[in-house]
Every structure is written in C-alpha cells, then in structure tokens.
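# Coordinate analysis (summary)
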Amino acid sequence: YCRRFAGFSSCFSPEGQAWVNGVRICLMQEILNSAVYNNNGTCQELLEFAYGSHPDCYVENGFCTDILLSLKNLDCLIDVLDDSDILTRLGIQQIYESAKRCTQETVDSFLSSVDDWIQSETGRTKEILTTLRDLLGGCETGLDLLFVLDSSGSIGSGNFVTMKNFVADVITHFVIRDNSTRVGLIRFTDTASILIPLGSINNTQQLTIAVNNIVYIGGGTRTDLALDLVPTAFINARVNEGIPRVVILLTDGQSNEPTLTAQAAPRVHDNIEVYSILVMSI
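Residues numbered from 1 in each chain as written. Predicted model: local features only at pLDDT ≥ 70, side-chain atom pairs only at ≥ 80, totals over all residues. Heavy atoms only, no water.

## Quick notes on the state of the cysteines
Applying the stated criterion across every chain yields a total of 3 disulfides. A disulfide bridge connects C26 with C57, and the sulfur atoms are separated by 2.1 Å. Judged by the sign of its S-S torsion, about -75°, the bond between C26 and C57 is left-handed. On the criterion of sequence distance, the pair formed by C26 in helix α2 (residues 14-32) and C57 in helix α4 (residues 43-60) is long-range, its members being 31 residues apart. A residue is classified by how much of its surface remains accessible, and C57, at 1% relative accessible area, is buried. In this model, C64 is linked to C102 through a disulfide, with the two sulfur atoms separated by 2.0 Å. Taking the torsion about the sulfur-sulfur bond, which here is approximately -90°, the covalent link between C64 and C102 counts as left-handed. Highlighted residues: C64 in helix α5 (residues 63-67) and C102 in the loop between α8 (90-100) and α9 (104-120), separated in sequence by 38 residues. Summarising the burial analysis for this pair, C64 and C102 share the class buried. Taken in N- to C-terminal order, the disulfide-linked cysteines of the chain are connected 1-5, 2-3, 4-6. (Disulfide = S-S within 2.5 Å. Helix = DSSP H or I, 4+ residues; strand = E, 2+ residues; numbered from the N terminus. Buried < 20%, exposed > 50% of the residue type's maximum accessible area, 1.4 Å probe, protein only.)

Given below as structure tokens:
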C-alpha cells in the first residue's frame, strides 16, 4: 500500500498529499515498533496488524478534515484501494473505522454532502460512498452472531484452519460495533467453552486476529455441550431491542452423544436462527 499511495499521490490535493506522506510514515513506524515485527511474526500477522493500525494513522494525520470532507481526496483514496479489499469489504471497513473516530460534527457534515456526491459519481466510488453513508447514518442492520466451532479429532487441524478462515471472511461482511453486529464464538471437543464472549471485541481487525489465534485441540465431539452453552453465550443478547440472534455451527456432524444432541437442538432453536455447515475432508 505504500507503493500504491505513492503511485496515486498526484491525484490528491496538496492537503491530501500531506496526509498521504504522514500516513505512510505513521504506518511504517507502527509496524517497526510492533511486537509482531520485532518477534518475527508471520506475514499474516503483519498484515492483520497493519490493517488494524490504518484508522489511527489515518485520523492522526488529518483524515477527518482533509479526506472525509473532500470528494476529490476521498475519490483518490478509493482509487488506492486494491480490488480484493473492495470485494472483501476490508477497504470500506478501513474508511468506515476511520470516519467513526471523527467528531459527530464532521460526520454530520459528510452526511449532508454525500448524497450530492453520490449523484455525481459512478462505479465503485458511487457504491462505496453509498455504503459509507448508510453505515455512518445508522442504516446497517445488526445481528448478535454466534459461531460454534467443532475442534474434535475427526475435524483435523487442516479443516479447523479452513473453518477459522470462513469465520474471518464472514465477519468482513458486517459492521462490527457495539450498536450494530456483535460476534461471539464457542469452541467444543469433549468440553465446550466460550472463547469470544458476545460483543467483547468491537473491531473487525482485532476480531479477525482473535479468531485466527484460536488453537485446534482434537478429542471427542460433544455437540450437545456446545448447544447447551448457546443460551449462556447469548446472555447479553439484545432481544428486547429486536436484534436477531444467529448461530452458525460448523461441524462434521459426528456427535459422540447423538441422543443428547437431539435433545439440546430444540432448545437452541427458540427464537434463534441456526445454520449448520457440514465440514468434510476432501
């Protein structure tokens, strides 16, 4: 991204170019000072850390005044984004997370101008501006979303990584914040435990890191214990606010206690949408 910013530097206004230079320095300093870099972290860990540092570096260098309130500079920033980040919503998430750090007065000023900007734009700029308007304007529909991951021996370590990648991909399609979509996660083998309490992490990048750090265990498959834990995991769900509760269960379906699992299943379906995804080795 440093190279991409350099390549698009002339697109920005003088204020935007100063912002680009400040952001490049900030991002490099953040990585060089990070434990991930100094402890020889993996490329994936460095990538996740870099994404997590973008919003703070953006805002510290004038994003709220020089980028968010300037159609020219915001359009240039969107051009800098890689197509893959647009498809996975990571690019939109970076802009949104930065905008959330601006004052409410700045956000209101953006919202008062953005409809005219949308009318004048086409393509992905128009799409991103529309999405950003809807998110900042409170039009995003939230969920209380709970993932339940089978970490038993029959799953295998390779499939468990695939499951974690699936979870990380799904959450990029939601706005993760306290008043929108909140995420929790249960892992189960011979026992079941809540590894990520619902709503305890309200940042997409940090949530992705937490998911990727979950360790595969092996052992038995007590699906019944995982299902029994769902009501506890949803103890702080926003039922009174009408927020849907959704469970996504990833398992190979080989429960060690099929009778107990069958008994637990109806209790989980009480006003909760449940999706079961069968994980198979190929």
